[in-house]
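Below are the chains, spelled out letter by letter.
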Amino acid sequence: MKKLILFCACMASGLMAFGQGLNTLSKQEKKAGFKLLFDGKTFAGWHTYGKPGKVGASWTIMDGVIGFDLARKDGGDLITDAEFVNYDFSVDWKISPNGNSGIIFNVTEDPVKYHSTYNTGPEMQVLDDAGHPDGKINKHNSGDLYDLIKSSVNVTKPVGEWNTARIVNNRGLLQLYLNGSKVVETRTDDANWKAMVAGSKFKTMPGFGVNMQGRIALQDHGNPVWYRNIKIKEL
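Positions within a chain are numbered from 1, following the residues in the order the chain's sequence is written. For a predicted model such as this one, the threshold for reporting local features is a pLDDT of at least 70, and the threshold for listing and counting side-chain atom pairs is 80 or more; totals across whole chains, interfaces and linings nevertheless cover every residue. Side-chain calculation: all heavy atoms of the structure are included, whereas hydrogens and water are not.

- Under an unreviewed UniProt entry, the protein chain has the name DUF1080 domain-containing protein and belongs to Aquirufa avitistagni.

### With respect to the sheet that holds strand S5 (residues 78–80)
- The five strands are arranged S2-S5-S12-S7-S8 in an open sheet whose pairing can be described as antiparallel. Whereas interior strands pair on both sides, the edge strands pair on one side only; in this sheet they are strand S2 (46–48) and strand S8 (123–127). When strand polarity is set aside, the average angle formed by the axes of neighbouring strands in this sheet is 20 degrees.
- Two strands pair if DSSP finds at least two bridges between them. In this description a helix means any DSSP run of H or I spanning at least four residues, a strand means any run of E spanning at least two, and both kinds are numbered starting from the N terminus. Inspection of the sheet shows S5 paired to strand S12 (residues 215–218) by two bridges, in the antiparallel sense. The residue bridging Leu 78 from the neighbouring strand is Leu 218, located in S12. For helices, the fitted axis covers only the stretch in contact; all axes are lines through C-alpha atoms, and the angles between them, taken along N-to-C directions, range from 0 to 180 degrees.

### Overview of the nonpolar core
- In plain words, nonpolar cores are sets of buried Ala, Val, Leu, Ile, Met, Phe, Trp, Tyr and Cys residues tied together by side-chain atoms within 4.5 Å. Working definition: with a 1.4 Å probe on protein chains only, accessible area under 20% of the residue-type maximum means buried, over 50% means exposed, and in between means partly exposed. Among the nonpolar cores identified, the biggest contains 41 residues, and Phe 89, Ile 103, Leu 145, Ile 167, Leu 176, Tyr 227 and Ile 230 are the most heavily contacted of them.
- It is strand S6 (residues 87–95) that contributes the most residues to this core, five residues altogether.
- Not counting the four nearest positions on each side in its chain, Ile 230 is found in contact with Asn 23, Lys 35, Leu 36, Leu 37, Phe 38, Trp 46, Ile 66, Phe 89, Ser 90, Val 91 and Leu 218.
- Ranked by size, the runner-up nonpolar core spans six residues in total, among them Ile 79, Ile 104, Val 107 and Ala 217. Residue contacts are defined here by distance: any two heavy atoms, one from each residue, within 4.5 Å place the two residues in contact.

### Observations regarding the pairing of S6
- Of all nine residues in S6, nine are buried; the element is thus mostly enclosed.
- Covered by surrounding structure in S6 are Tyr 87, Phe 89, Val 91, Trp 93 and Ile 95 together with Asp 88, Ser 90, Asp 92 and Lys 94, the residues of both alternating faces.
- Here seven bridges tie S6 to strand S9 (residues 163–170), and the two strands are oriented antiparallel to one another. Its bridge partner being in S9, Tyr 87 is matched across the sheet by Asn 169.

### Looking at the pairing of strand S11 (residues 181–187)
- As paired elements, strand S10 (residues 173–178) and S11 share six bridges and run antiparallel to each other. Note on S11: the bridge partner recorded for Leu 176 is Val 184.
- The antiparallel pairing of S10 with S11 creates a hairpin that spans two residues between the two strands, and Asn 179 there sits at a positive phi of about 50 degrees.

### Here's the deal with the packing of aromatic side chains
- Ring geometry is summarised as follows: Phe, Tyr and Trp rings, the Trp one being its six-membered ring, pair when their centres sit within 6.5 Å, and such pairs are stacked at plane angles under 30 degrees, edge-to-face over 60 and tilted between the two. With the rule as written, the count across this model stands at four aromatic pairs.
- Ring geometry for Trp 59 and Phe 68: centres 5.0 Å apart, planes at 70 degrees, overall edge-to-face.
- On the basis of relative accessibility, which here comes to 3%, the residue Trp 59 falls in the buried class.
- By relative accessible area, which is 6% here, Phe 68 ends up buried.
- Centre to centre, the rings of Phe 202 and Phe 208 are 4.0 Å apart; their planes meet at 5 degrees, and the pair counts as stacked.
- Since its relative accessible area comes to 4%, Phe 202 is described here as buried.
- Through pairs of rings, three or more aromatic residues link up here, namely Tyr 146, Phe 202 and Phe 208.
- Here Arg 166 stacks its cationic end above the ring of Tyr 177, 4.6 Å away from the centre of that ring.
- Any Lys NZ or Arg CZ found within 6 Å of a ring centre and within 35 degrees of that ring's normal is scored as a charge over the ring. In this arrangement the basic side chain of Arg 228 is found over the ring face of Trp 162, its NZ or CZ atom lying 4.0 Å from the centre.

Shown next, in the form of structure tokens:
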């Protein structure tokens, strides 16, 4: 219990570097056209996959941070109400010891045809690389384009610290950034992409990675995880 209290304590801070408030936009971001996808207080603009208008009770908001509480046993992936085509998306995340989650994007929400977000959307991995078994699997570490491309550099911060993920999806060019470093770049509209998917665990999912647009999801993988400062600019 003491470890858990210490682990969560640092989430209470309401100020970011350089004095910018939590879940706010700087003047530069506003001028550039960014908007917040999380207001720090409510789940406005979000719902559980396949359940429009509803957010599972396992997803919580405390001190301006979205968290996942497994004990409430009412989860499911948290997904945006809106769909996005070309965009520059960013979010801060923090994972629990031995935890696993992910940022899944370009999701087609059709629960009758696709039972999960990962049936259609690629994932930027969120993981305790040292503590979770997936940390020993190639292309399954934090920042990786899950099961498709390994990060070019390991810049993940230790468990208990915040990381900043950025996903730029622009007319077939996909770029993933972690903590300011570009870690993945690929096209999603060429033969190489199709070959990568065919060589991955997603090869039996015909809807995977087909659409270059869609919703963005925060994954319920059954472990505590925290998200904040969720922003997007449509390109």
